[in-house]
Amino acid sequence: MDYETLRLIWWLFLTVLLTGFAVMDGFDLGVAAQLLYVARDDQERRVTLNSIGPVWDGNQVWFILGGGAAFAAFPMLYAVAFSGFYAAMFLVLLTFIVRPVGFDFRSKLNATAWRHTWDRLLSGAAIAAALLFGVAVGNLFLGVPFSFDSELRMSYAGGLLDLIKPFPLLCGVASLAMLLMHGAAYLGIKTEGEVADRARRVLLAGSAVLVVALIVGGFWVSRMDGYMIQGTLDPNGPSNPLLKSVVQVRGAWLANYNAHGWMILAPVLAYLGAFIAAGSAVARNEITAFLGSALAVAGTIFTAGLALFPFLLPSSLNPSHSLTIWDASSSQHTLFIMVVAVAMFLPVVILYTSWVFRVLRGKVTTAYVGHNDHNLY
């Protein structure tokens with residue numbers, strides 16, 4: 001298998017793993033983010049939390065796999081992203097830490113103030129995480145302020161507040177709306193009564209905001225300066241980001257869609273998925289609503305990934321130092337060994353996850369929580 005094919009496979013793996021994280025852990029975040037709205041008393045909140053309680057930690061396997069893939073397949077991307085986004089990464093990890101602590105400690109005391117405090121922390125952490133993921137993606141389109149010296153030592157010239165700009169904020173809103181929609185679709189399957197009815201309203205609002213944000217974001221991207229490689233770049237060449245020339249051209253982020261018409265399927269699936277989710281929620285077809293929501297999530301992530309391709313992390317300080325899949329990957333031998341490892345272990349992860357959800361199928365009700373008061377969150 002040649003170097004070019006392996007690099008393409010790993011770009012696809014990375015996109016699929018991030019999509020898996022957004023689909024699987026996304027509904028966990030979405031459920032927690034809307035906790036204060038869909039569940040009004042302690043029993044309803046216990047039902048809501050226990051709908052994701054047995055699966056949220058398993059779903060984070062996709063986040064670990066995505067981070068591991070970035071580390072092993074594109075080490076320069078991992079190094080620059082973690083060094084440059086250090087403060088933002090710390091905030092994301094902080095929101096992830098709040099979740100297990102909140103789940104475990106909330107039910108330790110029966111005091112109302114204690115439980116309300118943890119409810120607010122769980123909901124606030126989920127909202128912050130959803131916004132931060134979107135803001136990070138938005139900054140990829142604007143470029144990140146890093147560059148290399150002649151020895152490939154990276155320097156970063158930004159700070160946490162520099163990430164807060166209008167377009168990344170729009171992406172943050174889109175990310176939050178998307179995960180609220182997805183979490184509400186999951187609650188439609190796992191709950192009943194008032195909680196399910198309120199979740200249905202969240203799904204309708206989230207899908208509407210997502211569609212509007214995608215339309216505005218697409219128009220915005222068509223008017224901004226995108227990145228374009230000048231001349232030819234050998235896809236089988238060495239991993240050195242200093243060996244190419246990159247220019248910024250208005251509307252260049254849409255160049256892949258103009259050159260390859262089939263790529264338009266990604267945004268079409270994002271819109272179609274949102275409409276299917278909303279229409280199925282109105283028709284009270286919960287399974288189809290969840291599948292439509294998952295389709296919208298996958299379509300949205302692939303839309304961004306295909307627009308950026310082959311760029312992984314554009315540089316705003318020196319566009320020619322941007323990281324692409326052709327010059328920021330591990331060696332050919334490393335990529336091949338990891339393909340073999342993924343081919344062996346990814347089916348195991350998928351089968352185990354499918355088995356867990358089959359075992360835990362069915363609705364979580366107030367009666368179920370009441371009968372298992374000491375065993376549940």
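For the structure, see preceding data.
All of these numbers come straight from a predicted model, not from anything done at the bench.

(A) Highlighting the overall build of the protein. For the protein, the helix and strand inventory stands at 15 helices and six strands. Against the compact-globule benchmark of 21 Å for 377 residues, the protein has a radius of gyration of 21 Å, which places it among compact chains. For the protein, the spread of C-alpha atoms along the principal axes amounts to about 65 × 40 × 35 Å. By the burial criterion, 49% of the 377 residues in the protein qualify as buried. On the protein, roughly 17200 Å² of surface is accessible, and the fraction owed to carbon and sulfur atoms is 69%. Between the averaged position of the 22 positive side-chain charges in the protein and that of its 21 negative side-chain charges there is a distance of 7 Å.

(B) Examining the nonpolar core more closely. Within the largest apolar cluster, 101 residues are counted, with the highest numbers of intra-cluster contacts made by Trp10 and Phe141. Looking at this core element by element, the count peaks at 15 residues for helix H1 (residues 3–33). Filtering out sequence-adjacent residues up to four positions away, Phe141 remains in contact with Phe167, Val221, Met224, Asp225, Tyr227, Trp253, Ala304, Ala307 and Leu308.

(C) Structural detail: unusual backbone geometry. In this structure, Pro310 follows Phe309 across a cis peptide bond, with omega equal to 5°. Within the secondary structure, Pro310 is located in the loop between helix H13 (286–308) and strand E5 (311–313). Phi is positive for Arg284, which is not a glycine, with a value near 60°. When its relative accessible area of 51% is taken as the criterion, Arg284 is described as exposed.

(D) Spatial organisation of the packing of aromatic side chains. This model, assessed by the stated rule, comprises 26 aromatic pairs. The interplanar angle of 70° and the centroid separation of 5.9 Å between the aromatic rings of Phe27 and Phe290 together place this pair among those described as edge-to-face. Separated by 263 residues along the polypeptide, Phe27 in helix H1 and Phe290 in helix H13 bring together distant segments of the chain. Judged on exposure class, the residue Phe27 and its partner Phe290 are both buried. When the ring of Tyr227 is compared with that of Phe311, the centres are 5.9 Å apart and the planes differ by 70°; the resulting orientation is edge-to-face.

(E) Seen up close, the pattern of salt bridges. Under the counting rule described, the total for this entry stands at 11 salt bridges. The residue Asp119 makes a salt bridge to Arg106 at a minimum N-O spacing of 2.5 Å. Of this pair, Asp119 sits in helix H8 (residues 112–142) while Arg106 sits in helix H7 (residues 86–106); the two residues are 13 residues apart in sequence, bridging distant segments of the chain. On the accessibility criterion, Asp119 (0% relative accessible area) is buried. With relative accessibility at 1%, the residue Arg106 sits in the buried group. Here Lys244 makes a salt bridge to Asp327, at a shortest N to O gap of 2.8 Å. Separated by 83 residues along the polypeptide, Lys244 in the loop between strand E3 (225–230) and strand E4 (245–250) and Asp327 in the loop between strand E6 (323–324) and helix H14 (332–359) bring together distant segments of the chain. No difference in accessibility class separates Lys244 from Asp327, as the two residues are buried. Linked by salt bridges that have partners in common, Asp42, Arg45, Arg106, Arg115 and Asp119 make up one network.

(F) Spotlight on H14. Over its 28 residues, H14 runs 41 Å from end to end, which matches the ideal 40 Å to within 8%, given 1.5 Å per residue. Of all the bends in H14, the largest measures some 30° and sits at Val342. Taken together, the buried positions of H14 are occupied by Leu335, Met338, Val339, Val342, Leu346, Thr353 and Val356.

(G) The side chain of Arg7, seen in detail. Looking at the secondary structure, you find Arg7 in helix H1. Although Arg7 is buried, it forms no salt bridge, and the closest oppositely charged side chain is Asp234 at an N-O distance of 6.6 Å. Of the polar contacts made by the side chain of Arg7, one reaches the side chain of Ser239; its length is 3.1 Å. Excluding residues that lie within four positions of it along the chain, Arg7 makes contacts with Phe74, Asp234, Pro235, Asn236, Gly237, Pro238, Ser239, Ile325, Trp326, Ser329 and Leu335.

(H) The arrangement of the packing of H1 against helix H5 (residues 61–73) in detail. At their nearest, the axes of H1 and H5 sit 8 Å apart, and the two run at 160° to each other. The orientation of H1 with respect to H5, classified from their angle, is roughly antiparallel. When you trace H1 past H5, the crossing you get is left-handed. Note on element contacts: H5 touches H1 through Trp62, Phe63, Leu65, Gly66, Ala69, Ala70 and Ala73, opposite Trp10, Leu14, Leu17, Gly20, Phe21 and Met24. Among the residues forming the contact of H1 with H5, the class breakdown is 11 nonpolar, two polar and no charged.

(I) A look at H7. Taking 1.5 Å of rise per residue, the 21 residues of H7 would be expected to cover 30 Å, and the 30 Å separating its terminal C-alpha atoms lies within 8% of that figure. If you check which residues of H7 are buried, you get Ala88, Val92, Thr95, Phe96, Val98, Arg99, Gly102, Phe103 and Arg106. An end-on view of H7 places all buried positions within 145° of arc, on one side of the element. Residues of H7 that are exposed and point over 90 degrees away from its buried face: Tyr86 and Phe90. On its buried face, H7 sits against H1, helix H3 (42–52), helix H4 (56–59), H5 and H8.

Rules behind the numbers
Residues numbered from 1 in each chain as written. Predicted model: local features only at pLDDT ≥ 70, side-chain atom pairs only at ≥ 80, totals over all residues. Heavy atoms only, no water. Helix = DSSP H or I, 4+ residues; strand = E, 2+ residues; numbered from the N terminus. Rg over C-alpha atoms; globule rule 2.2 N^0.38 Å. Buried < 20%, exposed > 50% of the residue type's maximum accessible area, 1.4 Å probe, protein only. Areas by Shrake-Rupley, 256 points an atom, 1.4 Å probe, with all protein chains shown as cover. Lys, Arg positive; Asp, Glu negative; His and termini not counted. Charge placed at Lys NZ, Arg CZ, Asp CG, Glu CD. Core = buried A, V, L, I, M, F, W, Y, C linked by side-chain atoms within 4.5 Å. Contact = heavy atoms within 4.5 Å. Phe/Tyr/Trp six-rings, centres within 6.5 Å; stacked < 30°, edge-to-face > 60°. Salt bridge = Lys/Arg side-chain N within 4 Å of Asp/Glu carboxyl O. Expected span 1.5 Å × (residues − 1). Bend = angle between axes of the 7 residues up to and from the residue. Polar contact = N/O pair within 3.5 Å; in protein donor to acceptor, adjacent residues only side chain to side chain. Axes fitted to C-alpha atoms, helices over the stretch in contact; angles between N-to-C directions. Parallel < 35°, antiparallel > 145°, perpendicular 65-115°, else oblique. Left-handed = near helix turned anticlockwise from the far one by under 90°. Nonpolar A, V, L, I, M, F, W, Y, C, P; charged D, E, K, R; others polar. Arc of directions from axis to C-beta.

Nothing here speaks to function; it is geometry throughout.
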